[in-house]
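Examining the three-dimensional arrangement
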Amino acid sequence: MFDVYETRKKYPILNGIKMEGHNLVYMDSGATALKPQCVIDKVVEYYSEYSTNTHRGDYPLAHRADEEYEKVRKIVKEFINCNDENEIVYTYGTTHSINVLAHGIKHMLKKGDVVLISEFEHASNVLPWFRLKDEIGIEIEYVKLDEKHHLTPELFKESMHDGVKLVCLAHISNVLGQCLDIKEIAKITHDYNAIIAVDGAQSVPHIKVDVKDLDIDFLSFSAHKFGGPTGIGVLYGKYDLLNKLEAYNLGGGMNTRIECNTCYFIKEAPFKFEAGTPAIEATIGMGKAIQFIMDIGMDNIHEHIKKIRKHAIDRLQNELPEVIIYNPENEGAPLAFNVKGYEGARCQDIGSALATYGIAVRTGEHCAKLLPNLIGTKGSVRASLYLYNTIEDMDCLVDALKDIVAKEKENKGDALSWLL
Amino acid sequence: MASLNDPMILRQIIMDHYDNPRHHQLIEDDSKYLSIRKDSDSCIDDITMQVNINNDIIEDIRFDGVACTIATSSTSILTDLVIGKTIDEAQEIIDNYKNMIFEKDYDEDLLEEAIAFQNVHRQANRIKCATIGWDALQQLIDKYREAK
């Protein structure tokens, strides 16, 4: 069984790094997850032992870089259970993946075609589609949500019609944390002969995402959200669809032949999307990070986070009526809340006050800038958890909030005492 | 300035300017005003500032928008400090404030209530809150100087 205390020993930042004089209580994993030593070692190994380019050199060291780099496609294939490693495109991260997709699919869409998204999408799953509206006149529609801002398959079905050609949804919202029934949503999407592209930035680190079982056409995710390096992510696509996408970046490594008469020939997917020298060390580090979380087990990770999240919610609901929780029932990792009187822009004061207890959270809109329409507040505090958080971390959060609220009652503006 | 060393007083100053921000309404007929909207990508702060500068004197300054405690109160204090001053005097105040924020030497007598933000560097991510209004005025002064 997964032992969180043993696992924490593998994260150097959790062993000795202080913030504001306290041991670090890191609750900003929705932004980026901490890195285990094995990932750091793997990156350093590349730089120390075989830091050559890939797909280039005719010497043994370069061959090792090639092998390590390409091996990661097989690891990702196993991780998301796709048919073929050539369905895996390396990108700079989720945002880049979605932009590669939006550019690549443009020629398959025409004026008036509908791209269906939700109001809880991250900016990176909104703006590329807004741009396509400007460029080729597609229409943007939003799925219907229930009063708790949840998307059920029934509501999704009501939102679908023959004009919808592409559905782009976050598997797990980065603020509210609802885990969508993507399998059912994909089935309905395909009943309408539309394509479904899933933003897996928050789901892939937390739950088993099996692209064959879910039957999704595209999946985007970043390695850094599960402990891999920054600057590396994946665009998965069913091969025939993926290969139909037009390449965004042109250059070295993606072409087969270039002629003076301006004719050029490009490789097939995934290589046609990977022009230029890639983030080699980050890619290799991503492979190690995937192996690390697969060894722990995705189900273990999910169950652990559910358990500690519930502990915090139970305590907050019982002990702190001053705290409004926006998503108590969602099992996903982010816990979105505000302290009464500190809604909106003032949520940042709670973030700063929590920092003085060594607690790292994020405040604001969390890049989901359409969300305030739904939850009625422009800003919230987000405590996003990962496999290394403990029950004690959750107690630390609740106790700090109780302390802040009590002091605030004594002295208005006490949440700013760090400043004074 | 002894009282301004008392954290309780400083807290009250900040909260008073947050709850009752000065010059906190934009003018509809802004034909005499230079204006700027400053919105932050990384946080919620989103303020618009208008300033009427006549013969190098700041005759009026106004702001509005959605902003956190530090952004609202620091901008409110700024408007109180610079209204009626010449742009050179305002520039000196801004320069001293920036020096304070970035832990350099500054003249606290020029800054009055704005010294409430002298420790904002303790959480450097909030520096942008404490400077968003000040940067707005700097840009408007620059705009005025360019147009002269």
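Given the structure is predicted, the values throughout are model-derived calculations rather than measurements. (Residues numbered from 1 in each chain as written. Chains lettered and ligands numbered in written order. Predicted model: local features only at pLDDT ≥ 70, side-chain atom pairs only at ≥ 80, totals over all residues. Heavy atoms only, no water.)

A word on the pairing of strand β7 (residues 164–170) of chain A
Residue and element names in this part refer to chain A. Here is the rule we go by: Buried means the residue's accessible area, taken with a 1.4 Å probe over protein chains only, is under 20% of the maximum for its type, while exposed means over 50%, and partly exposed covers the values in between. In this description a helix means any DSSP run of H or I spanning at least four residues, a strand means any run of E spanning at least two, and both kinds are numbered starting from the N terminus. Strands were regarded as paired on the criterion that DSSP finds at least two bridges between them. Handedness of a crossover is defined as follows: orient the strands so they point away from the viewer, and if the path from the first strand over the helix to the second runs clockwise, the crossover is right-handed.
Taking burial as the measure, the seven residues of β7 include six buried ones, the bulk of the element. As defined by bridge partners, strand β5 (residues 114–117) adjoins β7 across three bridges and the pair is classed as parallel. If you follow V115 over to β7, its bridge partner there is L166. Examined bridge by bridge, β7 and strand β8 (residues 195–199) share five bridges and lie parallel to one another. Its bridge partner being in β8, L166 is matched across the sheet by I195. Since β7 and β8 lie parallel, the crossover through helix α7 (residues 182–191) that links them has a hand, and here it is right-handed.

Looking at the sheet that holds strand β14 (residues 335–339) of chain A
Residues and elements named next belong to chain A. For clarity, the cut-off: A fitted line through C-alpha atoms serves as each axis, taken over the contacting stretch for helices, and the angle formed by two N-to-C directions is quoted from 0 to 180°.
The strand order across the open sheet built from four strands is β13-β14-β17-β16, with neighbouring strands paired in antiparallel fashion. Of all strands in the sheet, those with a lone pairing partner are β13 (323–325) and β16 (362–364), marking the two edges. Strand-to-strand twist of the sheet, defined as the mean angle between neighbouring strand axes without regard to direction, takes the value 30°. Note: β16 against strand β17 (residues 380–383), three bridges, orientation antiparallel. Its bridge partner being in β17, G364 is matched across the sheet by S380.

Observations concerning the interface of chain A and chain B
What counts is decided by this rule: Contact between two residues is taken to exist if any of their heavy atoms lie within 4.5 Å; hydrogens are not considered. Buried area is calculated as the accessible area (1.4 Å probe) missing from two parts once they are joined, with the contributions of both summed. The term salt bridge refers to a side-chain nitrogen of Lys or Arg lying within 4 Å of a carboxyl oxygen of Asp or Glu. Nitrogen and oxygen atoms within 3.5 Å of one another constitute a polar contact, given that in protein one can donate a hydrogen and the other can accept it, and given that sequence-neighbouring residues count only through two side-chain atoms. Basically, the charged four are Asp, Glu, Lys and Arg, the nonpolar ten are Ala, Val, Leu, Ile, Met, Phe, Trp, Tyr, Cys and Pro, and anything else, Gly included, counts as polar.
Between chain A and chain B, the residue contacts involve 24 residues of the former and 26 residues of the latter. Carbon and sulfur atoms make up 56% of the surface buried where chain A meets chain B, a total of about 2100 Å² over both sides. Scanning the region where chain A abuts chain B turns up two salt bridges. Across the pair D349 of chain A and R126 of chain B runs a salt bridge, and its minimum N-O distance is 2.9 Å. Connecting chain A to chain B are ten residue pairs in polar contact (both at pLDDT 80 or more). If one sorts the elements of the side of chain A that touches chain B by residue count, helix α12 (residues 347–355) of chain A sits on top with five residues. Its residues assigned to classes, the side of chain A that touches chain B shows seven nonpolar, nine polar and eight charged.

Let's talk about the sheet that holds strand β1 (residues 34–39) of chain B
Residue and element names in this part refer to chain B. Read across the open sheet, the three strands follow the order β1-β2-β3; overall the sheet is antiparallel. Among the strands making up the open sheet, the edge pair consists of β1 and β3 (57–66). Averaged over all pairs of adjacent strands, the angle between strand axes in this sheet comes to 15°, irrespective of strand direction. The pairing of β1 with strand β2 (residues 46–54) spans six bridges and is classified as antiparallel. Bridging from a neighbouring strand, R37 pairs with T48 of β2. Its contacts with the sheet place helix α2 (residues 69–82) against β2 and β3, and it is angled at close to 165° to β3. Sheet strands touched by helix α5 (residues 127–147): β1, β2 and β3. Its angle to β1, the strand with the most contacts, is close to 145°.

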